Amino acid sequence: MSTRAPLIAGNWKMHKTIAEAESFIQALLPRVSAADGVDVAICPPFTALAAMVDSARGSRVQVYAQNMHQLQDGAFTGEVSAAMLAELDVDGVILGHSERRELYGESDRALALKVTAALAAGLHPILCVGESESERERGDTERKLRHQIQEGLGKVPAEQLAEVAIAYEPIWAIGTGAVASPEQAQDAAAFIRALLAGRSAEQAERARVIYGGSVNAGNAAELLALPDVDGALVGGASLDPVQFAAIVAAAQ
Ligand code: PGA
């Protein structure tokens, strides 16, 4: 029996003004107040982080950012540092989402620095990895995952590995409704855990590997019951407090 608490994180992407975020959190809090043993996080846009930290204070809901820069400061127009997030009392940060990798040229090299910068600032990172449809069809899924894990966690000391949650997000399943089968999700999560075990068996046992890609209230229970899947990174279905709360309930 695993001792890993499930993590259900809602990635809002570029959705919700502060006013919309406030009505979401007021609807969510009573619906998840009894979700004992489940770590719940919302990941709003930068502009709503401070308001959500305030509104969620004292509740079980944590607040994560969706990205940050790897350096402490400098001439990087439009960027935000780990210290700026930590100052807001943000709990963690998503790193390396496939949309950032594909649309904004996020590199493995920058991600390796982002992961350690987040840890140094006391933020919990969620590092996203996952193969494209053509990589899966070519049989390259494991090669891709191995590469992304080796690079992204390359600067994390072995004894700190469990402080990073890994989100397995097959790109073909994101926003498409084409959720991975339980077998595909379990195989990939177990493979990722085995990669971590190659550096520290003890940390691999403690590290959380979560699944993302078209998770909703209807399919969450089956995915969350898989032995190596320790939660979910939820996009579209996290925008609605009732659906999101149902996913949290499925993790209990
Ligand atoms: P989705 O997005 O749940 O809308 O597929 C998941 C994600 O991008 O993290």
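The following paragraphs examine the structure supplied in this document. Not measured: the values here are computed from a predicted model. (Residues numbered from 1 in each chain as written. Predicted model: local features only at pLDDT ≥ 70, side-chain atom pairs only at ≥ 80, totals over all residues. Heavy atoms only, no water.)

Topic: the sheet that holds strand β1 (residues 7-11)
- Pairing in this closed barrel of eight strands is parallel, and the strands run β1-β2-β3-β4-β5-β6-β7-β8 around the ring. In this sheet, adjacent strand axes meet at a mean angle of 25° when their direction is disregarded.
- Where strand β3 (residues 61-65) meets strand β4 (residues 92-95), two bridges bridge the pair, whose relative direction is parallel. By the bridge assignment for β4, Y64 is matched with G92.
- Strands in contact with helix α8 (residues 182-197) are β5 (124-129), β6 (165-168) and β7 (209-212); relative to β6, the strand with the most contacts, it is inclined by about 145°. (Pairing = 2+ DSSP bridges. Helix = DSSP H or I, 4+ residues; strand = E, 2+ residues; numbered from the N terminus. Axes fitted to C-alpha atoms, helices over the stretch in contact; angles between N-to-C directions. Contact = heavy atoms within 4.5 Å.)

Quick look at the nonpolar core
- The biggest cluster of nonpolar side chains holds 72 residues, and the ones touching the most others in it are I8, I42 and L153.
- Look past the residues within four positions of I8 in its chain and what remains in contact with it is V38, D39, V40, A41, L224, G231, A232, V234, F244, I247, V248 and A251.
- Formed by 12 residues, the second largest nonpolar core is a distinct cluster that contains A9, A41, Y64 and I126. (Core = buried A, V, L, I, M, F, W, Y, C linked by side-chain atoms within 4.5 Å. Buried < 20%, exposed > 50% of the residue type's maximum accessible area, 1.4 Å probe, protein only.)

Side note on the pairing of β1
- Taken across its five residues, β1 has five buried, putting it largely inside the fold.
- By the alternation rule, side chains of β1 split into L7, A9 and N11 and I8 and G10, which are all buried.
- As judged from the five bridges shared by β1 and strand β2 (residues 39-43), these two strands associate in the parallel manner. Bridge pairing in β2 links N11 to C43.
- Following the backbone out of β1, through helix α1 (residues 18-32) and into the adjacent parallel β2, one traces a crossover that is right-handed.
- Pairing analysis gives four bridges linking β1 to strand β8 (residues 231-234), with the strands arranged parallel. Bridge pairing links G10 to V234 in β8. (Right-handed = clockwise from strand over helix to strand, strands pointing away.)

Regarding the site of the ligand
- Taken together, 13 residues surround the ligand, and among them K13, H97, E169, G175 and S214 come closest.
- A distance of 2.6 Å separates an oxygen atom of the ligand from a polar side-chain atom of H97.
- Contact distances for the ligand include 2.6 Å between an oxygen atom and a side-chain N or O atom of E169.
- For the ligand, the accessible surface in isolation is 280 Å², of which the surrounding protein chains cover 95%.
- Across the shell around the ligand, the residue classes break down as four nonpolar, seven polar and two charged. (Near = heavy atom within 4 Å. Polar contact = N/O pair within 3.5 Å; in protein donor to acceptor, adjacent residues only side chain to side chain. Areas by Shrake-Rupley, 256 points an atom, 1.4 Å probe, with all protein chains shown as cover. Nonpolar A, V, L, I, M, F, W, Y, C, P; charged D, E, K, R; others polar.)

Section: the packing of aromatic side chains
- Per the stated rule, a full pass over the model turns up three aromatic pairs.
- A ring pair is formed by W12 and F24, whose centres lie 4.8 Å apart and whose planes are at 70°; its orientation type is edge-to-face. Of the two residues, W12 sits in the loop between β1 and α1 while F24 sits in helix α1, which places them 12 residues apart along the sequence.
- Each ring, one from F24 and one from F244, has its centre 6.4 Å from the other, and the planes form 45°; the classification is tilted. Of this pair, F24 sits in helix α1 while F244 sits in helix α11 (residues 241-250), placing them 220 residues apart in sequence. Residues F24 and F244 agree in their burial class; the two are buried.
- Aromatic rings pair up to connect W12, F24 and F244 into one cluster.
- A cation sits over an aromatic face here: K16 above W12, 5.4 Å from the ring centre. (Phe/Tyr/Trp six-rings, centres within 6.5 Å; stacked < 30°, edge-to-face > 60°. Lys NZ or Arg CZ within 6 Å of the ring centre and 35° of its normal.)

Observations regarding helix α2 (residues 46-56)
- When α2 is considered as a whole, its buried residues turn out to be A48, L49, A51, M52, V53, S55 and A56.
- Buried-residue contacts for α2 involve α1, β2, β3 and α3 (82-87).
- One or two steps after α2, the chain reaches G58, where phi turns positive at roughly 85°.

As for the environment of A189
- Checked against the element boundaries, A189 lands in helix α8.
- Considered as a pair, A189 and I166 are 23 residues apart in the sequence and their alpha carbons are 8.9 Å apart.
- Not counting chain neighbours up to four residues away, the residues in contact with A189 comprise V209, D228 and V229.

Observations concerning the packing of helix α5 (residues 108-120) against helix α7 (residues 141-152)
- It is the contact of α5 with α7, at a shortest axis distance of 8 Å, that shows an interaxial angle of 45°. Relative to α7, the element α5 lies oblique. Across the interface between the two elements, D108, L111, A112 and V115 of α5 pack against H147, Q148, E151 and G152 of α7.
- Among the residues making up the contact of α5 with α7, the classes are represented as three nonpolar, three polar and two charged. (Parallel < 35°, antiparallel > 145°, perpendicular 65-115°, else oblique.)

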